[in-house]
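Next come the chains, spelled out residue by residue.
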Amino acid sequence: MASVKLEHITKRYGEVTAVDDMNLDITDGEFITLVGPSGCGKSTTMETIAGLTLPTEGTIYIGDREVTNLPPKDRGIAMVFQNIALFPHMDVYDNISFGLRLRKYDKEEIDERVDRAAETVQMQGMLDRMPSEMSGGQRQRVAIARALVRKPAVFLMDEPLANLDAKLRVHMRTELQRIHDDLETTVIYVTHDQEEAMTMSDRVAVIDGGELQQIDPPLICYNEPANLFVAGFIGSPGMNMIQGTVGQNGFDSEYFDIEFDPASVGVSRGEEVTLGVRPEDIYLLDRAEALSHASGEIEATVDVLEPMGSEILAYLMLGDSTEIDLDNPDAGGQLLVSVDPERDLETGEELQVVLDRRKVHLFDAETGEAIQHGLVESTQAEADAVSGAEAETDD
Ligand code: ADP
């Protein structure tokens, strides 16, 4: 077990800056996921930690040791990659023990470590199987066991589940969490899949264009995204974004207004802002009785319905919009809403929706930085605080 620290890591390939001034402080035993779109610099960051590539600038520590220029074998790390490279002519035992045999560990020690690793990945009883006799998931478990026997202080995994089918991927997510809980090893995990990042990690490091955008527990990234990039990347389907300006009484847009006191949020009149709201935080008016902090009513027309089983995704047109641009959710004039599947909706139906004001986000349209999460009217917030305090006194 060990902590990992990246200080001002930059990696340039000629003109391309793959990683740009990355700072990460990973605690001993933590499960951290580096997530972001393809080409954002996740793998390069991982490779600098592994020692497979040297950073152009910056320093890396594993535990108390500076390892910036050490070869991979001296860093106390183990890696598992997307492409599972087992030796096809060796059985599970030989595959798992290969590195230990190479390092001339004695037979008893090897047997003990292989047994323990096989048990951890639940492959006991299969030690004499050949790779060709195993499923993709089993082969990936062997690859993990082979890394485990080395008792690494830090486990690096680069898209290890990417080649598995969807069902197995979900299953292996749970397995990896269990293995992490059992071993308490530091895990640094790379994926482009935000769902994988959200479900497994203690903290998620969201990366874009080689730069760290936010590093926080999954639900903080979800509920309090630091900027428009994180807001759009984390969560599926993505957050609705509506362009507008700050008016005298709050948010003004072509399609609707949301009242709040600009001074209480620290914005001033005329500022260009983007309002963000997730599909599940928008309610049809006739289903919003229980909502304590509803926005004003917004007129909309149903354009496209996607029944998902557990919910219906309804694409609504706002104002005079006549067509939804499904490929461009930020085009304006449209809202994606998650609706209770029992509610009968029809294409072309006109209805009203309200937003849960506690779940509305405000971003600076120019810099993309978050300004405020939750736009509860100040009088309402004060009333809540008072009733909250009364409730506490009653106890
Ligand atoms: P990710 O893992 O997020 O998909 P990478 O770290 O692989 O992204 O790549 C980040 C950027 O660096 C990309 O623009 C990629 O083309 C570039 N890059 C990565 N490795 C090399 C290399 N060996 N030579 C040149 N450019 C590279």
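Here, the structure is the one placed above.
Scope of this entry: the structure provided in the associated data block. (Residues numbered from 1 in each chain as written. Predicted model: local features only at pLDDT ≥ 70, side-chain atom pairs only at ≥ 80, totals over all residues. Heavy atoms only, no water.)

### A closer look at unusual backbone geometry
Note that the residue after Ser236, namely Pro237, is joined by a cis bond; omega there is 0°. Considering the arrangement of structural elements, one finds Pro237 in the loop between α8 (228-233) and β11 (240-247). A positive phi angle, near 60°, is found at Lys104, a position not held by glycine. Among the secondary structure elements, Lys104 is positioned in the loop between α2 (92-102) and α3 (107-120). If you check the backbone angles, Glu159 has positive phi at about 45° while not being a glycine. (Helix = DSSP H or I, 4+ residues; strand = E, 2+ residues; numbered from the N terminus.)

### As for the packing of helix α4 (residues 136-148) against helix α5 (residues 166-183)
For the pair α4 and α5, interaxial distance at closest approach is 11 Å and the crossing angle is 20°. Considering the angle they form, α4 stands roughly parallel to α5. Helix-helix and strand crossings are classified by hand; for α4 and α5 the assignment is right-handed. Every residue of α5 that contacts α4 at Gly136, Gly137, Gln140, Arg141, Ile144 and Leu148 is listed here: Leu168, His171, Met172, Glu175, Leu176, Ile179 and Leu183. (Axes fitted to C-alpha atoms, helices over the stretch in contact; angles between N-to-C directions. Parallel < 35°, antiparallel > 145°, perpendicular 65-115°, else oblique. Left-handed = near helix turned anticlockwise from the far one by under 90°. Contact = heavy atoms within 4.5 Å.)

### Focus: helix α1 (residues 42-50)
For α1, the buried fraction is high: seven of the nine residues fall into the buried class. Along α1, the residues that are buried comprise Lys42, Thr44, Thr45, Met46, Thr48, Ile49 and Ala50. With its phi angle positive at about 90°, Gly51 sits one or two positions after the end of α1. (Buried < 20%, exposed > 50% of the residue type's maximum accessible area, 1.4 Å probe, protein only.)

### With respect to the site of the ligand
The environment of the ligand is formed by Tyr13, Val16, Ala18, Pro37, Ser38, Gly39, Cys40, Gly41, Lys42, Ser43 and Thr44. When the ligand sits alone it has 560 Å² of accessible area, and the protein chains cover 57% of it. Broken down by secondary-structure element, the contributors of at least two residues to the shell around the ligand are β2 (16-26) and α1. Considering each element in turn, the shell around the ligand owes the most residues, three residues, to α1. (Near = heavy atom within 4 Å. Areas by Shrake-Rupley, 256 points an atom, 1.4 Å probe, with all protein chains shown as cover.)

### Some remarks on the pattern of salt bridges
Overall, the coordinates contain 17 salt bridges when judged by the stated rule. Notably, a salt bridge pairs Asp74 with Lys73, separated by 3.4 Å at the nearest N-O pair. For Asp74, a relative accessible area of 33% puts it in the partly exposed group. The partner of Lys359 in a salt bridge is Asp281, with the nearest N and O atoms 3.9 Å apart. Remark: Asp281 occurs in the loop between β14 (272-277) and β15 (282-284) and Lys359 occurs in the loop between β19 (350-355) and β20 (361-364); sequence separation between them is 78 residues. (Salt bridge = Lys/Arg side-chain N within 4 Å of Asp/Glu carboxyl O.)

### Considering the packing of aromatic side chains
Under the criterion given, the structure shown has four aromatic pairs. Here Phe31 and Tyr189 contribute two aromatic rings whose centre-to-centre distance is 5.8 Å and whose plane-to-plane angle is 35°, an arrangement assigned as tilted. With Phe31 in strand β3 (residues 31-35) and Tyr189 in strand β8 (residues 186-191), this pair connects stretches of sequence that are 158 residues apart. Neither residue differs from the other here; Phe31 and Tyr189 are each classed as buried. (Phe/Tyr/Trp six-rings, centres within 6.5 Å; stacked < 30°, edge-to-face > 60°.)

### What to know about the sheet that holds strand β9 (residues 203-208)
Read across the sheet, six strands follow the order β6-β7-β8-β3-β9-β10 without closing on themselves; strand pairing throughout is mixed. Across the chains shown, the open sheet's two edge strands, defined by having one partner strand only, are β6 (77-81) and β10 (211-216). In this sheet, adjacent strand axes meet at a mean angle of 15° when their direction is disregarded. As paired elements, β9 and β10 share five bridges and run antiparallel to each other. Bridging across to β10, Ile207 finds its partner in Leu212. Contacting β3, β6, β7 (154-158), β8 and β9, α1 runs over the sheet at an angle of about 150° to β8. (Pairing = 2+ DSSP bridges.)

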